[in-house]
Amino acid sequence: MKSKSELIKFEEGISLESGDNLSSFELMIETYGDLNDSKTNAVLICHAFSGNHHVAGKNPKGEIGWWDEIVGPNKAIDTNKYFVVCCNNLGGCSGSSGPSSINPTTGKIYGKDFPIVSVKDWVNSQNMLTERLGIPRWLFVVGGSLGGMQALEWSIAYPEKILKAGIFAAAAKSSTQNIAMNEVGRESIRKDPNFNNGDYIELGVKPKNGLKTARMLGHITYLSEENMDLRFGRKFQDSDSKVDGKVDFEVENYLQYKGEKFTENFDANSYILMTKAMDGYDASKNFKNLDEALSSVSSELLIVGFDSDWLYPPERGKEIQLAAMNNNIRSSYITLDGRQGHDSFLFASEKYEEIIQDFVGS
Amino acid sequence: MAKELSSYIENWVPENSKVIDFGCGDGSLLKKLINSKNILGYGVEINDKKINECIKKKVPVIKQDIDMGINEFASSNFDFSIMARSIQCLKNPNLALNRMLKLSKRCVVTLPNLGYWKCRFDLLKGRMPVTPDLPLSWFETENIHLCTIKDFEKLCSDEGIKIQDKVFLSGSGKKSLISSLIPNLFATEGVYLLEKE
């Protein structure tokens, strides 16, 4: 598969929804396949909370992309047909400007001084990227979870630049429960003695324990009860592969391992920033209601929810479709019986692949 | 869906209207209406395979059990609703009818006729009817509320539903003189255009 990573610099900066601005910023992107001559085959993939620009294939470090089951040659989003683009979102920690990068005006690491970013800011920065890449209109903008919120926002904010949107395992706004879960994660980071109010990198430390706990909690919310039970049950971890002596059950070992691994690559300030963006998103914030928010939309919408997802349950997707239908927007709403809870959107299944493929290709 | 049946429905659906089709199957009727009447159509379907067929045809589709939620669409103003060969599968056909006529001023309902002579003949022989139109045995059929043409028209009159137009199809799926003259005995299917009085 033809793929390319690139760091793109935006000297013109960006004004953020919060009123702050970044005088300049960078976005790390990865692209797959080729833009056709008529520039009508571009697909933008928006990543979820802890994802990044590396969607498909193996990167030089040998890591497989987070949506490799769906994106690639002859897959549901076929990189032989489409020019696929994904960028690490602003505020992230995989190469784009974020709390762990250097503030060009001070020459120091941003740390806690990196401004609050929102889903709208991401979409605005992705629009700047769209212009930079010379893409007049996306054939398809798609994402799951927080990525789905971006796809929805794209269709609201830039209706003339998007033909179809895929909104998977997402909602038009985070629920009270979503915010509550995220706050527990953030609090565990803030209470880590190494957090130092967000300025830890310059001290050469990391709030690793806090970040690990946050991720462990997160992981529980991404899986369904049934899936956890099937995968781990009440099985005991065999002693050779225990991460430490405290662990009894396989599920404990799994969470410990996943949590630990997450801290190797993820920045705690980015965690706070990304979850804040997720909590803050409400498509109807500047409107009377969701119906009015969607009144500008002209793209076709495909909304997919997963039965076992209790973090962003299917009903949240249905609300979007209903509001779309009230606005006479061509829109479909489908629930699939993904067993993996909220994470279901990441994994290929025959029905899911067919629906995506047929929707983009029709 | 038989070509003739969809043509009768097509005649009743106004151009540029907003249409919802409950139990839309593979979306072929909506596709036909999109092409010929430039409608904005939405299908409601529960079967995943059929949903995929709709997506392939670019027909907007919503996965939903009709029994559970006709009312969910109440906030969207439809001009027309359709329920072809599905009403007999619902738990509460009478509620469904009323709900459809709340969604849209007019609706089309088609249903198989249990009064058709072949069905009566099967019953005379002491067996549940199995005909080309009702091909499944009693234990595998989804048709839990079969009725005759007379039954259906009585329900409409009891519920204050006005039958604006109707067509009766015979075994060949076409209109015939005999199925129009004595529909309760000779029609396999009733096709109704309904309006709330």
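Because the structure is a prediction, the values reported are computed rather than measured.

1. Focus on the overall build of chain A
Here's step 1: Looking only at helices and strands, chain A has ten helices and twelve strands in total.
Here's step 2: At 20 Å, chain A has a C-alpha radius of gyration in line with the 21 Å of a compact globule built from 362 residues.
Here's step 3: Principal axes of the C-alpha set define a box for chain A whose edges measure 60 × 50 × 45 Å.
Here's step 4: Considering chain A as a whole, with its 362 residues, one finds that 56% of them fall into the buried category.

2. Things to note about the pairing of strand β9 (residues 138-144) of chain A
All names here are of chain A.
Here's step 1: Among the seven residues of β9, seven are classified as buried, and the element is accordingly described as predominantly covered.
Here's step 2: Pairing between strand β5 (residues 42-46) and β9: four bridges, direction parallel. Among the inter-strand pairings, isoleucine 45 is bridged to a residue of β9, identified as valine 142.
Here's step 3: Crossover connection from β9 via helix α2 (residues 146-157) to parallel strand β10 (residues 162-168): handedness right-handed.

3. Topic: the side chain of A:Asp309
Residues and elements named next belong to chain A.
Here's step 1: Positionally, aspartate 309 belongs in the loop between β11 (300-306) and α9 (314-326).
Here's step 2: Buried charge without a salt bridge: aspartate 309, with arginine 316 as the nearest opposite-charge side chain at an N-O distance of 9.7 Å.
Here's step 3: There is a polar contact of 2.9 Å between the side chain of aspartate 309 and the side chain of histidine 342.
Here's step 4: Not counting chain neighbours up to four residues away, the residues in contact with aspartate 309 comprise Ala169, Pro314, Gly341 and His342.

4. Focus: the pattern of salt bridges
Residue and element names in this part refer to chain A.
Here's step 1: Using the criterion set out here, one finds 32 salt bridges over all chains in the structure.
Here's step 2: A salt bridge links glutamate 183 to arginine 190; the nearest nitrogen and oxygen atoms lie 3.1 Å apart.
Here's step 3: In this structure, arginine 190 and glutamate 187 form a salt bridge, with 2.9 Å as the shortest nitrogen-oxygen distance. Of the two residues, arginine 190 and glutamate 187 both sit in helix α3 (residues 176-190), three residues apart, roughly one turn of that helix.
Here's step 4: Under the relative-accessibility criterion, arginine 190 is labelled partly exposed at 31%.
Here's step 5: The class for glutamate 187 is partly exposed, based on a relative accessible area of 28%.
Here's step 6: Counted as one network, the salt bridges with shared partners bring together Glu183, Arg186, Glu187, Arg190, Lys191 and Asp279.

5. Structural notes on the environment of B:Gly23
Here's step 1: Among the structural elements, B:Gly23 can be located in the loop between β1 (18-22) and α2 (28-37).
Here's step 2: Distance from B:Gly23 to B:Met83, taken between C-alpha atoms, is 6.5 Å for residues 60 residues apart in sequence.

6. Digging into the environment of A:Lys9
Residues and elements named next belong to chain A.
Here's step 1: Structurally, lysine 9 can be placed in strand β1 (residues 3-10).
Here's step 2: Of the residues examined, lysine 9 reaches a relative accessible area of 38% and is grouped as partly exposed.
Here's step 3: Leaving out residues up to four positions away in the same chain, lysine 9 has contacts with Ser24, Phe25, Glu26 and Arg132.

7. Some details on the nonpolar core
Here's step 1: The biggest cluster of nonpolar side chains holds 102 residues, and the ones touching the most others in it are A:Leu294, B:Phe22 and B:Leu194.
Here's step 2: It is helix α7 (residues 268-280) of chain A that provides the largest number of residues to this core, a total of seven residues.
Here's step 3: Here this core spans two domains, since at least three of its residues come from each of domain 1 (3-175 + 279-361) and domain 2 (178-276) of chain A.
Here's step 4: Apart from the residues within four sequence positions on either side, B:Phe22 is in contact with B:Val44, B:Ile66, B:Ile70, B:Phe73, B:Ser81, B:Ile82, B:Met83, B:Ala84, B:Ser86, B:Met100 and B:Leu103.

8. Considerations on the domain arrangement of chain A
Residue and element names in this part refer to chain A.
Here's step 1: Domain assignment breaks chain A into domain 1 (3-175 + 279-361) and domain 2 (178-276).
Here's step 2: Computed from C-alpha atoms alone, the centre-to-centre distance between domain 1 and domain 2 is 25 Å.
Here's step 3: Domain 1 puts 35 residues into the contact, and the matching count from domain 2 is 30 residues.
Here's step 4: Carbon and sulfur atoms supply 56% of the area buried between domain 1 and domain 2, which totals about 2,900 Å² over both sides.

9. Thoughts on the side chain of A:Gln126
Here's step 1: Position of A:Gln126 relative to the elements: it lies in helix α1 (residues 119-132).
Here's step 2: When neighbours within four sequence positions are excluded, A:Gln126 is seen to be in contact with A:Leu44, A:Cys46, A:Cys87, A:Asn89, A:Gln150 and A:Trp154.

10. Here's the deal with α7(A)
Residue and element names in this part refer to chain A.
Here's step 1: Helix length check: α7, at 13 residues, gives a terminal C-alpha distance of 18 Å against a target of 18 Å (1.5 Å per residue), a fit within 8%.
Here's step 2: The buried count for α7 comes to eleven of 13 residues, which makes it a mostly enclosed element.
Here's step 3: In this structure, the buried residues of α7 make contact with α1, α2, α3, α4 (208-222) and α6 (250-265).

So, how was this worked out
Residues numbered from 1 in each chain as written. Chains lettered and ligands numbered in written order. Predicted model: local features only at pLDDT ≥ 70, side-chain atom pairs only at ≥ 80, totals over all residues. Heavy atoms only, no water. Helix = DSSP H or I, 4+ residues; strand = E, 2+ residues; numbered from the N terminus. Rg over C-alpha atoms; globule rule 2.2 N^0.38 Å. Buried < 20%, exposed > 50% of the residue type's maximum accessible area, 1.4 Å probe, protein only. Pairing = 2+ DSSP bridges. Right-handed = clockwise from strand over helix to strand, strands pointing away. Lys, Arg positive; Asp, Glu negative; His and termini not counted. Salt bridge = Lys/Arg side-chain N within 4 Å of Asp/Glu carboxyl O. Polar contact = N/O pair within 3.5 Å; in protein donor to acceptor, adjacent residues only side chain to side chain. Contact = heavy atoms within 4.5 Å. Core = buried A, V, L, I, M, F, W, Y, C linked by side-chain atoms within 4.5 Å. Domains from an automatic or database assignment. Buried area = accessible area lost by both parts, 1.4 Å probe. Expected span 1.5 Å × (residues − 1).

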